[in-house]
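Reading the structure
Below, each chain spelled out in residue letters.
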Amino acid sequence: MMEHQQLPYQQTLKAPVTVSGVGLHTGAHVNMTLKPATPGFGIKFQRIDLPDQPIVKADVDYVVDTSRGTTLEYNGARVSTVEHLLAALVGMGIDNILIELDGPEIPIMDGSSQPFVELIEKVGAQAQDAQKIYYSIDTNITYYDEVKKVEMTATPSVDYRITCLIDFNSQVLGTQHANLKDMSEFKQEIAPCRTFCFLHELEYLLANNLIKGGDLNNAIVVVDKPMTEDQLKPIAKAFGRDKIAVQNEGILNNVELRFPNEPARHKLLDIVGDLALIGYPIKAHIIANRPGHASNVEFARKIKAYIKKNKHMKDVPVYDPNQPPIYDVRMMEKFLPHRHPFLLVDKIIELSHKKVIGIKNVTFTESFFQGHFPNNPVMPGVLQIEALAQVGGILALSPLPDAEMYDTYFLKIDNCKFKQKVLPGDTMILKMELLSPIRRGIVEMRGTVFIGNKVATEADLVAQIIKREGK
């Protein structure tokens, strides 16, 4: 089931776009160009300043450091602080892109994803002729770090949503939480939220020459201890200011908070960026307690391993009974000549020019159970194929302006497999996908019956659209 924010097609950019800035940790000035890429390309970085211009894929397998941001390395090419850009790409639905860099670090900009969102909007997104496949999970996946007291859980969901809780035992920050209910909210609610650090961390980074690109506009600095003017002088000097002060909220007066819970929202932003390294768009509800880059990456590894193990579950339709159907029984009767008891579809929940998903609730009162293994009721396989055929008829006829004047007749069934019994009480999710465009009334389709997330039946079917006699 495609939810509001779940795009049916892969997307890239309409045109290349360039931005320049400074890396937070390296202080290196970097020119970065985002370039459109072909379907299935994914997100890749290219170090054009190095010999052979090596490419690094945005993937957890290539993470080499998470101490201060997330760093990738492959084939001698290193790219650091990738999370804010990755979050912007996910938040704006960009699947395929080549990111060219002439330095080792993504520019920090203002410490948030907003400049990257604006960059993407400057050229616009381009839908591509390739389906976007989401991976659903059917069990809770959890990660727990005993030492840091980090807990992360992914639970099954019909869409991708994130809940983030932070607790630093800090009187200033206290406990904060942030929510992202729908990725369409990312741009407004999450993208503007800047990175933050504690003053004691800042002092350490400055003392060890680890924050060369920082200026006081790209981070919220949380002051977690009393500070005298003398103690604040070296901080002011490091950032080229005459004077710096602590505001009532317990943050340095370099910035105004954009949201009261901006730090929690930024932690959520980091989760979106780091989980992009799974490499697959997912449907899950992520609940994160005290997350950080190290735990995000370990959690991403765990989810990626789960998806690889269960890859046969890709694009399993999720049936949400709360969503109104596209067609109910009365509307389907306009397309199909079948009537009770031989109308084997209850509703259509998704329909595009290439795919249809229907629902059949199997009940004990079905007429065929009276004679088909009465003491051990099993839905006949041929009727499962018939249910798929009826759903396929709707896929074939729905583009026609005068659909009621035509019927579909099946010419061929191939590769038919029955993998699981269909029993009373089951909800059949019936999926039919076009294998090729309809030509001369011939419709080639692949059909799958799911019970939950398991395949019960599958077959390739060929049908012909024929005008009804007398019409």
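Rules used in this analysis
- Residues numbered from 1 in each chain as written.
- Predicted model: local features only at pLDDT ≥ 70, side-chain atom pairs only at ≥ 80, totals over all residues.
- Heavy atoms only, no water.
- Helix = DSSP H or I, 4+ residues; strand = E, 2+ residues; numbered from the N terminus.
- Buried < 20%, exposed > 50% of the residue type's maximum accessible area, 1.4 Å probe, protein only.
- Contact = heavy atoms within 4.5 Å.
- Areas by Shrake-Rupley, 256 points an atom, 1.4 Å probe, with all protein chains shown as cover.
- Lys, Arg positive; Asp, Glu negative; His and termini not counted.
- Charge placed at Lys NZ, Arg CZ, Asp CG, Glu CD.
- Axes fitted to C-alpha atoms, helices over the stretch in contact; angles between N-to-C directions.
- Parallel < 35°, antiparallel > 145°, perpendicular 65-115°, else oblique.
- Nonpolar A, V, L, I, M, F, W, Y, C, P; charged D, E, K, R; others polar.
- Pairing = 2+ DSSP bridges.
- pLDDT = per-residue confidence, 0-100.
- Salt bridge = Lys/Arg side-chain N within 4 Å of Asp/Glu carboxyl O.
- Left-handed = near helix turned anticlockwise from the far one by under 90°.
- Phe/Tyr/Trp six-rings, centres within 6.5 Å; stacked < 30°, edge-to-face > 60°.
- Lys NZ or Arg CZ within 6 Å of the ring centre and 35° of its normal.
- Core = buried A, V, L, I, M, F, W, Y, C linked by side-chain atoms within 4.5 Å.

1. Quick notes on the overall build of the protein
The helix and strand tally for the protein stands at nine helices and 25 strands. For the protein, the spread of C-alpha atoms along the principal axes amounts to about 95 × 45 × 35 Å. Counting all 471 residues of the protein, 53% fall into the buried class. Put simply, 71% of the contacts in the protein that link residues at least 6 apart link residues at least 24 apart. Only carbon and sulfur atoms are counted for the fraction: they give 50% of the accessible area of the protein, which is about 21500 Å². Put simply, the protein has 52 plus and 56 minus side-chain charges, and the middle of one group is 4 Å from the middle of the other.

2. Considerations on the packing of helix α1 (residues 83–91) against helix α6 (residues 262–275)
Relative orientation of the contacting elements α1 and α6 amounts to 80 degrees, with a least axis distance of 7 Å. One element, α1, and the other, α6, form an angle in the roughly perpendicular class. Between α1, through Glu83, His84, Leu86, Ala87 and Val90, and α6, the contact on the second element is made entirely by His266, Leu269, Asp270, Val272, Gly273 and Asp274. In terms of residue class, the contact of α1 with α6 is built from five nonpolar, three polar and three charged.

3. What to know about the pairing of strand β15 (residues 175–180)
The two faces of β15 differ: Gln176, Ala178 and Leu180 on one face are buried, but Thr175, His177 and Asn179 on the other face are not. By the bridge criterion, six bridges tie strand β14 (residues 161–167) to β15 in an arrangement that is antiparallel. The partner of Thr163 across the bridge, within β15, is Asn179.

4. Some remarks on the pairing of strand β25 (residues 454–467)
Sheet topology note: the strand β22 (residues 406–418)/β25 ladder contains ten bridges and is antiparallel. Looking at the pairing, Tyr406 lines up with Lys467 of β25. Sheet topology note: the strand β24 (residues 442–451)/β25 ladder contains ten bridges and is antiparallel. From the neighbouring strand, Glu444 faces β25, where its bridge partner is Val462. From the end of β24 to the start of β25, which pair antiparallel, there are two residues, and Gly452 there has a positive phi angle of about 65 degrees.

5. Side note on the confidence of the model for the protein
The pLDDT averaged across the protein works out to 88; a share of 93% of its residues lies at or above 70. Confidence drops under a pLDDT of 50 for residues 1–5, and excluding neighbours within four residues, the segment shows 22 contacts in the predicted structure.

6. Quick look at the sheet that holds strand β7 (residues 71–74)
Taken together, three strands build an open sheet; the order of strands is β6-β7-β8 and the sheet is antiparallel. Strands at the two margins of the open sheet, each flanked by one partner only, are β6 (63–65) and β8 (77–79). With direction set aside, neighbouring strand axes in the sheet form an average angle of 35 degrees. Both β7 and β8 contribute to a ladder of three bridges, which runs antiparallel. Each residue of the ladder has a partner; that of Tyr74, found in β8, is Ala77.

7. A closer look at unusual backbone geometry
For the bond from His340 to Pro341, the omega torsion is 5 degrees, close enough to zero to count as cis. On the secondary structure map, Pro341 appears in the loop between α8 (329–332) and β20 (347–351). Look at Asn415: it is not a glycine, yet its phi comes out positive at around 50 degrees. You can call Asn415 exposed: its relative accessible area is 53%. Notably, Arg440 is not glycine yet its phi reads approximately 50 degrees, a positive angle. On the secondary structure map, Arg440 appears in the loop between β23 (427–434) and β24.

8. Focus on the pattern of salt bridges
In this structure the tally under the stated criterion is 23 salt bridges. With a closest N to O distance of 2.9 Å, Asp59 and Lys304 form a salt bridge. Placement of Asp59 in the loop between β5 (55–57) and β6 and of Lys304 in helix α7 (residues 293–309) is noted, with a sequence separation of 245 residues between them. Like Asp59, the residue Lys304 is buried in the burial classification. Taking the shortest distance from any N to any O, the salt bridge between Glu433 and Lys431 comes out at 3.8 Å. Using a relative accessible area of 5% as the deciding quantity, one classes Lys431 as buried. Among the charged side chains, a salt-bridge network with shared partners connects Lys57, Asp59, Asp61 and Lys304.

9. Points about the sheet that holds strand β12 (residues 141–145)
A sheet is described by the order of its strands in space; here five strands give the open sequence β12-β13-β19-β14-β15, paired in mixed fashion. The sheet terminates laterally at β12 and β15, the two strands that pair on one side only. Here the average twist between neighbouring strands, direction ignored, is 5 degrees.

10. A closer look at the packing of α1 against helix α2 (residues 114–123)
In a packed pair of helices, the relevant descriptors are the angle between the two axes and the axis-to-axis distance. The geometry of α1 relative to α2 is characterised by a closest axis approach of 8 Å and an angle of 45 degrees between their N-to-C directions. Classified by the interaxial angle, the pair formed by α1 and α2 is oblique. Every pair of crossing elements has a handedness; the one defined by α1 and α2 is right-handed. Each of His84, Leu85, Ala88 and Leu89 in α1 lies in contact with α2, whose residues at this interface are Phe116, Val117 and Ile120. Residues of the contact of α1 with α2, tallied by class, amount to six nonpolar, one polar and no charged.

11. Quick word on the packing of aromatic side chains
Using the criterion set out here, one finds three aromatic pairs in the structure. A centroid spacing of 4.8 Å and a plane angle of 50 degrees characterise the contact between Tyr62 and Tyr74, whose relative ring orientation is tilted. In this pair, Tyr62 is assigned in the loop between β5 and β6 and Tyr74 in strand β7, connecting sequence segments twelve residues apart. A centroid spacing of 4.7 Å and a plane angle of 65 degrees characterise the contact between Phe368 and Phe369, whose relative ring orientation is edge-to-face. The two residues Phe368 and Phe369 agree in class, both being buried. Positioned above the aromatic ring of Phe41 is the side chain of Lys44, whose terminal nitrogen or guanidinium carbon lies 4.4 Å from the ring centre. Positioned above the aromatic ring of Phe259 is the side chain of Arg265, whose terminal nitrogen or guanidinium carbon lies 3.9 Å from the ring centre.

12. Topic: the nonpolar core
Of all hydrophobic cores here, the largest spans 68 residues; its most connected members are Phe45, Ile99, Phe186 and Ile286. Setting aside residues up to four positions removed in sequence, Ile99 forms contacts with Met32, Thr33, Leu34, Ile43, Lys44, Phe45, Gln46, Leu85 and Leu89. Residues Leu336, Ala403, Met432 and Leu461 belong to the second largest nonpolar core, which totals 38 residues.

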